[in-house]
Amino acid sequence: MKRRDLLVKLLEVCCSKISITQLHSQCLKVGLAHDSFIVTKLNVLYARYASLCHAHKLFEETPCKTVYLWNALLRSYFSEGEWVETLSLFRQMNAYAVSTEERADNYTVSIALKSCAGLRKLELGKMIHGFLKKEKIDNDMFVGSALIELYSKCGQMNDAVKVFKEYPKPDVVLWTSIITGYEQNGSPELALAFFSRMVVLEQVSPDPVTLVSAASACAQLSDFNLGRSVHGFMKRRSFDTKSCLANSMLNLYGKTGSIKSATNLFREMINKDIISWSSMVACYADNGAETNALDLFNEMIDKRIEPNRVTVVSALRACASSSNLEEGIQIHKLAVNYGFELDITVSTALMDMYMKCFSPENAIDLFKRMPKKDVVSWAVLFSGYAEIGMAQKSMGVFCNMLSNGTRPDAIALVKILAASSGLGILQQAVCLHAFVTKSGFDNNEFIGASLIELYAKCSSIDNANKVFKGMTHKDVVTWSSIIAAYGFHGQGEEALKLFYQMANHSDVKPNDVTFVSILSACSHAGLIEEGIKMFHVMVNEYQLMPNSEHYGIMVDLLGRMGELDKALDMINDMPMQAGPHVWGALLGACRIHQNIKMGELAAQNLFQLDPNHAGYYILLSNIYCADKNWHDAAKLRALIKENRLKKIVGQSIVEIKNEVHSFVAGDRFRGESDQIYEMLRKLDAKMRDKKYSSNLGCVEH
């Protein structure tokens, strides 16, 4: 065997820095160090097993640089994400090329275009595209794919399609590029249209990358049936064993809420990687199966599978949703052990978990230790305070964020507006509205909807209406908010007018949230028959599936009419388990109409679903009192004391001289308590003089 052939064979099996160095030394000794094939192979190996610096040094030491050597180095830099250096080398190559052997070829250009795509350098990419047309080398499929990727990543899908159409018989790579482009640019319908055309009309067989993009498009659309079709296609082509495809299907099933399909697929998978585990944990966490999510996460840890940041964040979401502080603390310890506690996404998820588990002191401690704080971490803090009933602290955090130089995005503004609506302070609402306008967000539909809700909660329906009328584009969220605002103020007939205006004189179709708004409006205004009619419109005209919230309002409406049997039938016919708010509505109706038997049935269900809610025990006790059943009423009140149940404490907030004061029922901890109660006594005496009275039925304990 010739010496050169032996060295080539040894280079093929070389897999360490030491062996590369030894073989390089041998090549120098036998005078093959400048052999174009060998030096290119050495360059690739140095980049793979040593470093880019070693590869670049060898490149610089080579006097005759062929296009293959240039391409090897360019590909190495590109693979490491060094796109700026890749383009710098590309410029050098074009500047120094003399012979045809040194000039850029189609492969070189495709690497340069992909680097432009990575950097979103559209203008430079267009210049390279022009160069291709001039040199007449733009008909290569890989170059075409790189051009489509460039235009897609820069959001120029029209230009991407123009490139695609220049190829009369596109191959699977070109088809995949255009499908992926549409999917990543938020046009899943067009992505799937191209996928269908590729498979059905052109009969081009998709590869795994194409199918991943198709599955992702289905996930964007939350289209379970279409996703199942893609999954079936994968199985027919025997692609379903590939991890990347199985993971894309797990993501799809998670996004469409198909827990059973995801679980079956996950258990069938032979080779599960960390993405598989993370996708399944996320599927459970995002679809109300928090216990399953945490059980799976712990199973993964027990099997010595190291979680990544995504897995930890999903597990923390499950803890936050279920208020599982104990499990959350354990995951926090794991994050510390794995060294990514202070990674901004993990820290933010930890803060969110602590806030939702009513442990703000832990969230604040972590927040102070975070080396970098972005707008998301600030937003978690001020929205977290609002969610645990400490909305008065939210504005302080928001002001600190602004002082810190962090500017809010649209999501942060929606959250601070929601927090402020919990306070109901009009002056604060006006200030926030001015800030929104100054920041240029006043035409954002979600912020507009939040402003409408804020003004409604501040008892300023006129301002809410002004915001609504001033919005240039009104989507379903905006319409739903203004309908809810009028409903909140007891103006049910005005809410109905707005609903019909939206339905009959706009391009917007009501969704399930809109019907929650209009049903609630009818309920608050006592428009019982209109509310029942709206429910039938929702189901029959708009073909919308009612959820638990819709059923709860309907039970309330039927209960107000005295149609308790119909209300109970509706509960029994619900496709999902009735929650506490549904049975609570029935129990309230039984109190009004003094139906003891049905009230007991509703209460028994409530005691199982929410055993620590004192209000349900008190409500049933009041029903017994009204029936003069003192024995059973006393038993219930004894049970409340025995289990140490407390009523949810009412809270009031007032603003005096730019200072927010919070009061709770029976509050004796304020310095001014004596004066406040003295004033209450005086007001009570005046009310008695004016002969005000109320029929409380049975005095609450």
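Each remark here, short or long, concerns the structure printed above.
First, a word on what this report is: a plain description of the structure on this page. All figures in this text were calculated on a predicted structure; none of them were measured in a lab.

### Regarding the overall build of the protein
When you go through the protein residue by residue, the secondary structure sums to 39 helices and two strands. Looking at the protein as a whole, 46% of its 701 residues are labelled buried. Of the contacts formed within the protein by residues at least 6 apart in sequence, a portion of 59% connects residues at least 24 apart. Total accessible area on the protein is roughly 36,700 Å²; 52% of this is exposed by carbon and sulfur atoms.

### Some thoughts on the packing of aromatic side chains
As enumerated under the stated definition, the model contains 18 aromatic pairs in all. A centroid spacing of 6.1 Å and a plane angle of 10° characterise the contact between Tyr338 and Phe340, whose relative ring orientation is stacked. Ring geometry for Phe607 versus Tyr617: centroids 4.1 Å apart, planes at 10°, classification stacked. With Phe607 in helix α36 (residues 596-609) and Tyr617 in helix α37 (residues 614-626), this pair connects stretches of sequence that are 10 residues apart. Residue Phe607 shares its accessibility class with Tyr617, and that shared class is buried. The structure contains a cluster of three or more aromatic residues connected by ring pairs, namely Phe164, Trp175, Tyr182 and Phe194. Across from the ring centre of Phe59, 5.2 Å away, lies the NZ or CZ of Lys65, which sits over that ring. Seen from the ring of Phe367, Lys373 lies directly overhead, with NZ or CZ sitting 5.2 Å from the centre.

### With respect to the nonpolar core
Looking at soluble globular proteins, one finds that nonpolar side chains tend to be buried together. Leu113, Ile178, Phe297, Phe398, Ile482 and Leu586 are the most contacted members of the largest nonpolar core, which totals 214 residues. With eight residues, α37 is the single largest residue contributor to this core. Residues within four places of Leu586 in sequence aside, it is in contact with Val555, Leu564, Ala567, Leu568, Ile571, Met598 and Ala602.

### Regarding the environment of Phe367
Tracing the chain through its elements places Phe367 in helix α22 (residues 360-369). In this structure, Phe367 is in contact with Met351, Lys373, Ser377, Trp378 and Leu381, ignoring residues within four places of it in sequence.

### Remarks on the pattern of salt bridges
A complete count under the given rule lists 16 salt bridges for this structure. Note that Asp35 is salt-bridged to Arg4, the shortest N-O span being 2.8 Å. Here Arg4 lies in helix α1 (residues 3-13) and Asp35 lies in the loop between α2 (17-29) and α3 (36-49), a separation of 31 residues in the sequence. A residue is classified by how much of its surface remains accessible, and Arg4, at 32% relative accessible area, is partly exposed. Residue Glu387 pairs with Lys356 through a salt bridge whose shortest N-O separation is 3.5 Å. Of this pair, Glu387 sits in helix α23 (residues 375-387) while Lys356 is found in helix α21 (residues 344-356), placing the two residues 31 residues apart along the sequence. Lys356 gets classed as partly exposed once you look at its relative accessible area, which sits at 27%. Residues participating in the shared-partner salt-bridge network are Lys114, Glu149 and Lys153.

### Regarding the packing of helix α30 (residues 492-505) against helix α32 (residues 528-541)
Helix packing for two helices is described by the angle between their axes and how far apart those axes are. Contact geometry for α30 and α32: axes closest at 12 Å, N-to-C directions at 25°. One way to sum up the angle between α30 and α32 is to call them roughly parallel. Relative to α32, the crossing made by α30 is left-handed. On the side of α30, the interface is formed by Leu496, Phe499 and Tyr500, while α32 contributes Glu530, Lys533 and Met534.

### Looking at the side chain of Ser383
Tracing the chain through its elements places Ser383 in helix α23. Among the polar contacts made by the side chain of Ser383, one reaches the main-chain carbonyl oxygen of Val380 at a distance of 3.5 Å.

### Some thoughts on the packing of helix α20 (residues 325-338) against α21
Where α20 meets α21, the axes come as close as 10 Å, and the angle between the chain directions of the two elements is 160°. Relative to α21, the element α20 is oriented roughly antiparallel. For the crossing formed where α20 meets α21, the hand is left-handed. For the pair α20 and α21, contact is made by Leu325, Gly328, Ile329, His332 and Ala335 and by Val346, Leu350, Met353 and Tyr354, respectively. Tallied by class, residues from the contact of α20 with α21 come to seven nonpolar, two polar and no charged.

### Examining helix α6 (residues 83-96)
Residue pairs spaced three or four apart in an α-helix point in one direction, given the helix's 3.6 residues per turn. Its 14 residues give α6 an end-to-end C-alpha distance of 20 Å, which sits within 8% of 20 Å, the value for a rise of 1.5 Å per residue. Listing the buried residues of α6 in full gives Thr86, Leu87, Leu89, Phe90 and Met93. One side of α6 carries all its buried residues, which in axial view fall inside an arc of 160°. Set apart from the buried face of α6 by more than 90 degrees, the exposed residues are Val84, Ala95 and Tyr96.

### Here's the deal with the environment of Ala219
By the secondary structure assignment, Ala219 is in helix α13 (residues 208-221). For Ala219, a relative accessible area of 6% puts it in the buried group. Between the C-alpha atom of Ala219 and that of Ala117, which follows or precedes it by 102 residues, the distance is 25 Å. With near-sequence residues (within four places) excluded, Ala219 lies in contact with Asn251, Leu252 and Lys255.

### Overview of the side chain of Ser481
Tracing the chain through its elements places Ser481 in helix α29 (residues 476-488). At a separation of 2.9 Å, a polar atom in the side chain of Ser481 contacts the main-chain carbonyl oxygen of Val477. Ignoring sequence-local partners within four residues, the contact set of Ser481 consists of Ala449 and Ile452.

### So, a nonpolar patch on the surface
A grouping of Ile676, Met679, Leu680 and Leu683 is seen on the molecular surface, where their side chains present a nonpolar patch of about 340 Å² in accessible area. Looking at the secondary structure, you find Ile676 in helix α39 (residues 673-689). The partly exposed category is assigned to Ile676, whose relative accessible area is 32%.

### Remarks on helix α10 (residues 157-165)
Within α10, burial applies to Met157, Ala160, Val161, Val163 and Phe164. Considered in projection along α10, the buried side chains sweep an arc of 160° and stay on one side of the axis. Along α10, exposed side chains directed more than 90 degrees from the buried face belong to Asn158, Lys162 and Lys165.

Parameters and conventions
- Residues numbered from 1 in each chain as written.
- Predicted model: local features only at pLDDT ≥ 70, side-chain atom pairs only at ≥ 80, totals over all residues.
- Heavy atoms only, no water.
- Helix = DSSP H or I, 4+ residues; strand = E, 2+ residues; numbered from the N terminus.
- Buried < 20%, exposed > 50% of the residue type's maximum accessible area, 1.4 Å probe, protein only.
- Contact = heavy atoms within 4.5 Å.
- Areas by Shrake-Rupley, 256 points an atom, 1.4 Å probe, with all protein chains shown as cover.
- Phe/Tyr/Trp six-rings, centres within 6.5 Å; stacked < 30°, edge-to-face > 60°.
- Lys NZ or Arg CZ within 6 Å of the ring centre and 35° of its normal.
- Core = buried A, V, L, I, M, F, W, Y, C linked by side-chain atoms within 4.5 Å.
- Salt bridge = Lys/Arg side-chain N within 4 Å of Asp/Glu carboxyl O.
- Axes fitted to C-alpha atoms, helices over the stretch in contact; angles between N-to-C directions.
- Parallel < 35°, antiparallel > 145°, perpendicular 65-115°, else oblique.
- Left-handed = near helix turned anticlockwise from the far one by under 90°.
- Polar contact = N/O pair within 3.5 Å; in protein donor to acceptor, adjacent residues only side chain to side chain.
- Nonpolar A, V, L, I, M, F, W, Y, C, P; charged D, E, K, R; others polar.
- Expected span 1.5 Å × (residues − 1).
- Arc of directions from axis to C-beta.
- Patch = residues over 30% accessible without salt bridge, like charges linked within 9 Å, V, L, I, M, F, W, Y side chains within 5 Å.

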